[in-house]
Amino acid sequence: MRIEGKDGLTFGASAAGLLLLLACFGGVATGFAGDGRVALAHAEEVARAWQCHTNGSHANSIAHYQAALQAAPESLEARLGYLLPLLALERFPEAEVLAAGILRQYPANYYANLRLAYALRRQGKYEAAESVLSQALGCYPTDVALLLELALVKRARHQNATARRIWFDVLTLSPDNPLALQQLADPALAQNPVDEPLSSVLQAEGGRKIHFETAAYYAFHAYRDTVAKDHAHAVGLYAALNYGMEHVLELEQDHLHKYYRGFPSLRQYDTTLAYANYSLPHLKLRLGGHHVAGEDPFTDGGWTAFGGAEWYDINRWAAGVDGAFSSYPEFQAGLNVLQVSPHLGLTLWQGKNHLWSHELRGYWIHPNQNSDSQRDLFSVENRLSLGWRDWNFSAVGWAGEQMYAVRNDGFAVYNLGEKHKAGYGLEIRYAISRHLSCAVRASREHFRDLVITPNASSESYMAMLSLKY
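Residues numbered from 1 in each chain as written. Predicted model: local features only at pLDDT ≥ 70, side-chain atom pairs only at ≥ 80, totals over all residues. Heavy atoms only, no water.

Brief notes about the overall build of the chain
In terms of helices and strands, the chain carries 12 helices and 16 strands. Classification of the 469 residues of the chain by burial places 43% in the buried group. A separation threshold of at least 6 residues defines the contact pool for the chain, and within that pool the share at least 24 residues apart is 51%. When the accessible area of the chain is evaluated, it comes to approximately 23500 Å², of which 60% is carbon and sulfur surface. (Helix = DSSP H or I, 4+ residues; strand = E, 2+ residues; numbered from the N terminus. Buried < 20%, exposed > 50% of the residue type's maximum accessible area, 1.4 Å probe, protein only. Contact = heavy atoms within 4.5 Å. Areas by Shrake-Rupley, 256 points an atom, 1.4 Å probe, with all protein chains shown as cover.)

Written as structure tokens, this is what we have:
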């Protein structure tokens, strides 16, 4: 039996009847060993998982496959079957990791190769998908499903002439194949299609291992109910270098010009450098530093070291903890600030064109000098985001107490002696094209400036333009 994907591609499935037979008679499935009860429990869970999948209940199917793998962690049947609901739910990164693990043990496994290629293609990893398919076709040279998948990859890589030839090969093997007939009816393939040069194809599909992103922003800050602060302008330039899917290097340079009533203005320059690593499955590791240089004599030369770890399941959940240590050697006897920030993110609702997500973050800040006879400051932040087509909307709010806080993954460091109480804001992002996007943000912050101005506030407005290539 074969299961048909969204684009019409059949990518294969194990026979449900055999699994049900194993469950009924307590047979031992291949690929694992154990006593009879464990074998029966495994077979029953695999059979139930298959039934749920064929009924369209993919989440329940995943639960049963996970139960089967708890009974027999090395079961090939359960691992291969687990791929089907993952692909149906478009959880392609997870399917990629699982299929690659199977192939490390069984390099020629037909279903693992086919499903891995499908997961790679749906993520836009066409070069890797083609490599997997080429090896699999060495073992199964006339398999229709493998040939169809390869033709779709070739079409995605703008290799139209090769794709057309493969689809005619499919019709030779399966004259009534609907996907091949549909694709060959495309006008782009009707008359003398050509293959684009591989170099231009790699650039068009993002097949390069190295990618760049840069962004520029401008922000205006207006202060309310303060003794001397009036307004401020801030500009910044951000750049990121992505190597493959595993390494991200980020750099940002910011310039702040703050104006006072009755006092000279103040200039400040911030530099942030960070590195993130995604080499381990479902784990993100990150570290970096932030340096402050400016005309404020107490915080000039201040620096912050930060890092963190996050465990995640893409588009489902993420949980982690970040830490930061800030030092201001020119601040009186020297000010050091320790911060720990745990966070939890959840996907609330996901559809074809939308994604609701929620993140909760806590802050514990501990300066080595007392503030109002208080050493430990606590606060909590809540963020709700909606991605819809090319738009992304975010609302954030926080409450508690903060001084010398480190926010925004280390890019924002509050180095002045203001005791912040609460804040909230809105942000809208829009993807103008595949490479260009823009964003606007408005926020309000409440803080105590001095003893005589305990209820000051600031309003911030930001515009940003981002470019990816």
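Some remarks on the pattern of salt bridges
Per the counting criterion, the structure on display carries 21 salt bridges. Measuring nitrogen to oxygen at the nearest pair gives 2.6 Å for the salt bridge that ties Lys154 to Glu130. Of this pair, Lys154 sits in helix α8 (residues 144-156) while Glu130 sits in helix α7 (residues 126-139); the two residues are 24 residues apart in sequence, bridging distant segments of the chain. The residues Lys154 and Glu130 share a single accessibility class, namely buried. The partner of Asp449 in a salt bridge is Lys229, and the shortest N-O contact between them spans 2.7 Å. One end of the pair, Asp449, is in the loop between β15 (436-448) and β16 (456-468); the other, Lys229, is in strand β2 (residues 229-243), with 220 residues separating them in the sequence. Each of Glu130, Lys154 and Arg157 takes part in a single network of salt bridges with overlapping partners. (Salt bridge = Lys/Arg side-chain N within 4 Å of Asp/Glu carboxyl O.)

Side note on the nonpolar core
In this structure, Tyr82, Leu83, Ile102, Leu146 and Trp167 are the most contacted members of the largest nonpolar core, which totals 52 residues. With residues up to four places along the chain from it excluded, the contact list for Tyr82 reads Ile62, Tyr65, Gln66, Leu69 and Leu98. Counting residues in hydrophobic clusters, the runner-up holds 15 residues, among them Ala219, Ala234, Ala240 and Leu256. (Core = buried A, V, L, I, M, F, W, Y, C linked by side-chain atoms within 4.5 Å.)

Concerning unusual backbone geometry
In this model, Asp225 sits at a positive phi of 60 degrees, which is unusual for a non-glycine residue. Tracing the backbone shows Asp225 in the loop between β1 (210-224) and β2. With relative accessibility at 58%, the residue Asp225 sits in the exposed group. With phi around 55 degrees, Tyr404 is a residue other than glycine that occupies positive phi space. Take Tyr404: it is sitting in the loop between β11 (391-402) and β12 (406-407).

As for the packing of α7 against α8
It is the contact of α7 with α8, at a shortest axis distance of 10 Å, that shows an interaxial angle of 150 degrees. Taken together, the axis directions place α7 and α8 in an arrangement best described as roughly antiparallel. Handedness of the α7/α8 crossing: left-handed. Across from Tyr126, Ala129, Glu130, Leu133, Ala136 and Leu137 in α7, the residues of α8 making contact are Leu146, Leu147, Glu149, Leu150, Val153, Lys154 and Ala156. Each residue belonging to the contact of α7 with α8 can be placed in one class, and the counts come to 10 nonpolar, no polar and three charged. (Axes fitted to C-alpha atoms, helices over the stretch in contact; angles between N-to-C directions. Parallel < 35°, antiparallel > 145°, perpendicular 65-115°, else oblique. Left-handed = near helix turned anticlockwise from the far one by under 90°. Nonpolar A, V, L, I, M, F, W, Y, C, P; charged D, E, K, R; others polar.)

Notes on the environment of His211
If you trace the backbone, His211 turns up in strand β1. In this structure His211 comes out as partly exposed when scored by relative accessible area, which is 22%. Measuring from C-alpha to C-alpha, the distance between His211 and Asn242 comes to 5.0 Å, with 31 residues separating the pair along the chain.

Details of the packing of aromatic side chains
Under the defined criterion, the tally for this structure stands at 13 aromatic pairs. With a centroid separation of 5.9 Å and 70 degrees between ring planes, the pair formed by Tyr238 and Phe411 is classed as edge-to-face. In this pair, Tyr238 is assigned in strand β2 and Phe411 in the loop between β12 and β13 (412-413), connecting sequence segments 173 residues apart. The structure contains a cluster of three or more aromatic residues connected by ring pairs, namely Phe298, Tyr328, Phe331 and Tyr404. (Phe/Tyr/Trp six-rings, centres within 6.5 Å; stacked < 30°, edge-to-face > 60°.)

What about the confidence of the model for the chain?
A residue-level look at the chain finds 87% of positions with pLDDT of 70 or above and a mean pLDDT of 86. Averaged over each element, pLDDT in the chain is lowest for helix α1 (residues 16-25) (38) and highest for β12 (97). Overall, residues 1-6 carries pLDDT values under 50, and its contacts beyond four positions in sequence, including any with other chains, amount to 24 contacts. Taken together, the stretch residues 10-34 has pLDDT below 50 and engages in 58 contacts with residues farther than four places along the chain or on a different chain. (pLDDT = per-residue confidence, 0-100.)

Notes on the pairing of β15
Both strand β14 (residues 419-431) and β15 contribute to a ladder of 12 bridges, which runs antiparallel. Pairing of Leu426 across the sheet is with Ala442, part of β15. The antiparallel hairpin formed by β14 and β15 contains four residues in its connecting segment. Relative to β16, β15 runs antiparallel, the two sharing 12 bridges. Paired with Cys438 across the strands is Leu465, a residue of β16. (Pairing = 2+ DSSP bridges.)

Some details on the side chain of Glu130
On the accessibility criterion, Glu130 (15% relative accessible area) is buried. Contact partners of Glu130, with chain neighbours within four places excluded, come to Leu150, Val153, Lys154 and Arg157.

What about a nonpolar patch on the surface?
A cluster of nonpolar side chains, Ile210, Phe212, Leu241, Tyr243, Leu249, Leu251, Leu273, Leu467 and Tyr469, forms an exposed patch at the surface whose accessible area comes to about 780 Å². Among the elements of the structure, β1, β2 and β3 (247-260) are those that each provide at least two residues to the nonpolar patch. As for its position among the elements, Tyr243 is in strand β2. In this structure Tyr243 comes out as partly exposed when scored by relative accessible area, which is 43%. (Patch = residues over 30% accessible without salt bridge, like charges linked within 9 Å, V, L, I, M, F, W, Y side chains within 5 Å.)

Looking at helix α9 (residues 160-173)
Residues that lie three or four places apart on an α-helix share one face, since the helix turns once every 3.6 residues. For α9, spanning 14 residues, the distance from its first C-alpha to its last is 20 Å, which sits close to the expected 20 Å at 1.5 Å a residue. Within the sequence span of α9, burial applies to Asn160, Thr162, Ala163, Ile166, Trp167, Val170 and Leu171. (Expected span 1.5 Å × (residues − 1).)

Thoughts on the packing of helix α4 (residues 76-88) against helix α6 (residues 110-122)
Packing of α4 against α6 brings their axes to within 10 Å, and their N-to-C directions diverge by 20 degrees. In terms of axis orientation, α4 runs roughly parallel to α6. For α4 against α6, the interelement crossing comes out left-handed. Facing α4, whose interface residues are Leu80, Gly81, Leu83, Leu84 and Leu87, α6 presents Tyr111, Ala112, Arg115, Tyr118 and Ala119. Among the residues making up the contact of α4 with α6, the classes are represented as eight nonpolar, one polar and one charged.

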